[in-house]
Amino acid sequence: MTPVPASAASANRQFLLWTLALLLLAGYGLHALWTRGLPWAAGAATRLVPAAWERELGESIAASIAPGAKPCLEDAAERLARSLPAPSPYTFQVRCVPSAEINALAAPGGVILVYEGLLQAAATREEIPAVLAHEMQHVLLRHSTRAIFRAFALQAVISLLAGDPTGLVAQVAGGLGVLHYMRADEEEADREGVLLLKRAGFNPLAMSALLESLDAATAGGAGVVPTWISSHPDIRQRIAATRALAHTLR
Ligand SMILES: [Zn+2]
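Residues numbered from 1 in each chain as written. Predicted model: local features only at pLDDT ≥ 70, side-chain atom pairs only at ≥ 80, totals over all residues. Heavy atoms only, no water.

**Things to note about unusual backbone geometry**
- The phi dihedral of Leu73 falls on the positive side, at around 50°, and the residue is not glycine.
- Tracing the backbone shows Leu73 in the loop between β1 (70–71) and α3 (74–82).
- One non-glycine residue with positive phi stands out, namely Arg142, at about 60°.
- Residue placement: Arg142 occurs in the loop between α5 (128–140) and α6 (143–151). (Helix = DSSP H or I, 4+ residues; strand = E, 2+ residues; numbered from the N terminus.)

**A closer look at the pairing of strand β2 (residues 93–97)**
- In terms of residue burial, β2 counts as a mostly covered element, since four of its five residues are buried.
- With two bridges joining them, β1 and β2 adopt antiparallel strand pairing. Directly across from Lys70, in β2, lies its bridge partner Cys96.
- Where β2 and strand β4 (residues 111–115) come together, five bridges link them in parallel fashion. The residue bridging Val94 from the neighbouring strand is Ile112, located in β4. (Buried < 20%, exposed > 50% of the residue type's maximum accessible area, 1.4 Å probe, protein only. Pairing = 2+ DSSP bridges.)

**What to know about the pairing of β4**
- Of all five residues making up β4, five are buried, and the element is well covered by its neighbours.
- Once strand β3 (residues 104–106) ends, the chain turns through four residues before running back antiparallel as β4, passing Gly109 with a positive phi of about 90°.

**What about the side chain of Asp215?**
- Looking at where Asp215 falls in the secondary structure, it is placed in helix α10 (residues 206–220).
- Here the side chain of Asp215 touches Arg236 through a polar contact of 2.6 Å, side chain to side chain. (Polar contact = N/O pair within 3.5 Å; in protein donor to acceptor, adjacent residues only side chain to side chain.)

**Let's talk about the sheet that holds β3**
- With mixed pairing, four strands are arranged side by side in an open sheet as β1-β2-β4-β3. Two strands in the sheet have a free side with no partner beyond their single neighbour: β1 and β3.
- Its contacts with the sheet put helix α2 (residues 51–65) on β2, β3 and β4, and the angle it makes with β4 is roughly 25°.
- Lying on the sheet, α5 is in contact with β2, β3 and β4; it crosses β3 at an angle near 30°. (Contact = heavy atoms within 4.5 Å. Axes fitted to C-alpha atoms, helices over the stretch in contact; angles between N-to-C directions.)

**Some words on the state of the cysteines**
- Under the counting rule described, the total for this entry stands at one disulfide.
- Disulfide pairing places Cys72 opposite Cys96 at an S-S distance of 2.0 Å. What sets the handedness of the Cys72 and Cys96 disulfide is the S-S torsion sign, and at about 85° it is right-handed. Pair noted here: Cys72 is in the loop between β1 and α3 and Cys96 is in strand β2, with a separation of 24 residues, a long-range link.
- Taking relative accessible area as the criterion, Cys72 reaches 14% and is therefore assigned buried.
- Look at Cys96 and you get buried, because its relative accessible area is 10%. (Disulfide = S-S within 2.5 Å.)

**Observations regarding the packing of α6 against helix α7 (residues 153–162)**
- It is the contact of α6 with α7, at a shortest axis distance of 5 Å, that shows an interaxial angle of 115°. Residues Ile148, Phe149, Arg150 and Ala151 of α6 form the contact with α7, whose own contacting residues are Ala153, Ala156, Val157 and Leu160.
- Of the residues in the contact of α6 with α7, the class split is seven nonpolar, no polar and one charged. (Nonpolar A, V, L, I, M, F, W, Y, C, P; charged D, E, K, R; others polar.)

**Points about the packing of aromatic side chains**
- Tallied over the full model, the rule gives one aromatic pair.
- Aromatic pair Trp53 and Phe149: ring centres 6.0 Å apart, planes at 55°, arrangement tilted. With Trp53 in helix α2 and Phe149 in helix α6, this pair connects stretches of sequence that are 96 residues apart.
- By relative accessible area, Trp53 is classed as buried at 6%.
- The positively charged end of Arg79 is found above the aromatic ring belonging to Phe202, 3.8 Å away from the centroid. (Phe/Tyr/Trp six-rings, centres within 6.5 Å; stacked < 30°, edge-to-face > 60°. Lys NZ or Arg CZ within 6 Å of the ring centre and 35° of its normal.)

Shown next as C-alpha cells:
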C-alpha cells in the first residue's frame, strides 16, 4: 500500500472537517426552517385564505367529527356575536356533541362544537358563555385555520389552490390530535374572550371561573384530563391572567 503523503493527509482531514461543518450548518438551517419558517408560512398563508373557503372547510370538518351534534346555546352565541366590536365575515353556529368528553373546539369559519361533558364540568351556567367567547376568538383571529396550515401544510395549500377542501377535511378529521394552538393564540383567545364577555354584558370573571372548574375536573376526575385542558396548557397561569384582566373591567 502506498503511504499517503503528510500534506495529502492534512488536506483530506480539512476536507472532512469542512464537509462535517457544512452538514451541521445544513442541519441547523433545516431545523430553523422547520421550527420558525413553517409557523411564519402558515401565518402568511392564513392571511390569504378567503373566509368562504374557511366556512366550507369548517362545516365539512364539523360534520365529519360530530355528525350527531345539534344546534344549542343559540341565545348566548347570538348575544356574543352581536357584541363584536367590528363586522365579522363569520356566522357562528354552536352545536352540542352528545359525548361525555370534556372538550370544545372551533372549526374554521364559525362552527363551534361543545361537548356535553364540558357543559357538565362547568360549575355554573354563567361559565358557558366563556367557552363560546374563547372559541369564537379562535375563529375570528383565524387560529384554527393557521393550526391546520401548520399541521397539514402541503395538503392545505393544494386544497386551497384547487378550491376543494375534501382531501384536507379527511386529513384534519383523522388527525385532530396533532392540531395545537400556539401558546400566544391561547392567551389571545382568553384575553379577547374576557373583553367580549364584558362587552356582551356577561360576567367577565366567568373565564377564570370556567378554567378553575376544568382544573378541578382534572384534579378530581379519576385521572381523566379534559381534552380542552390538555390542548390548552398552562392553566394556572391562564386562570391568574384572566382573573386579573376581568378585575380591571369591573
Ligand atoms: Zn383555546
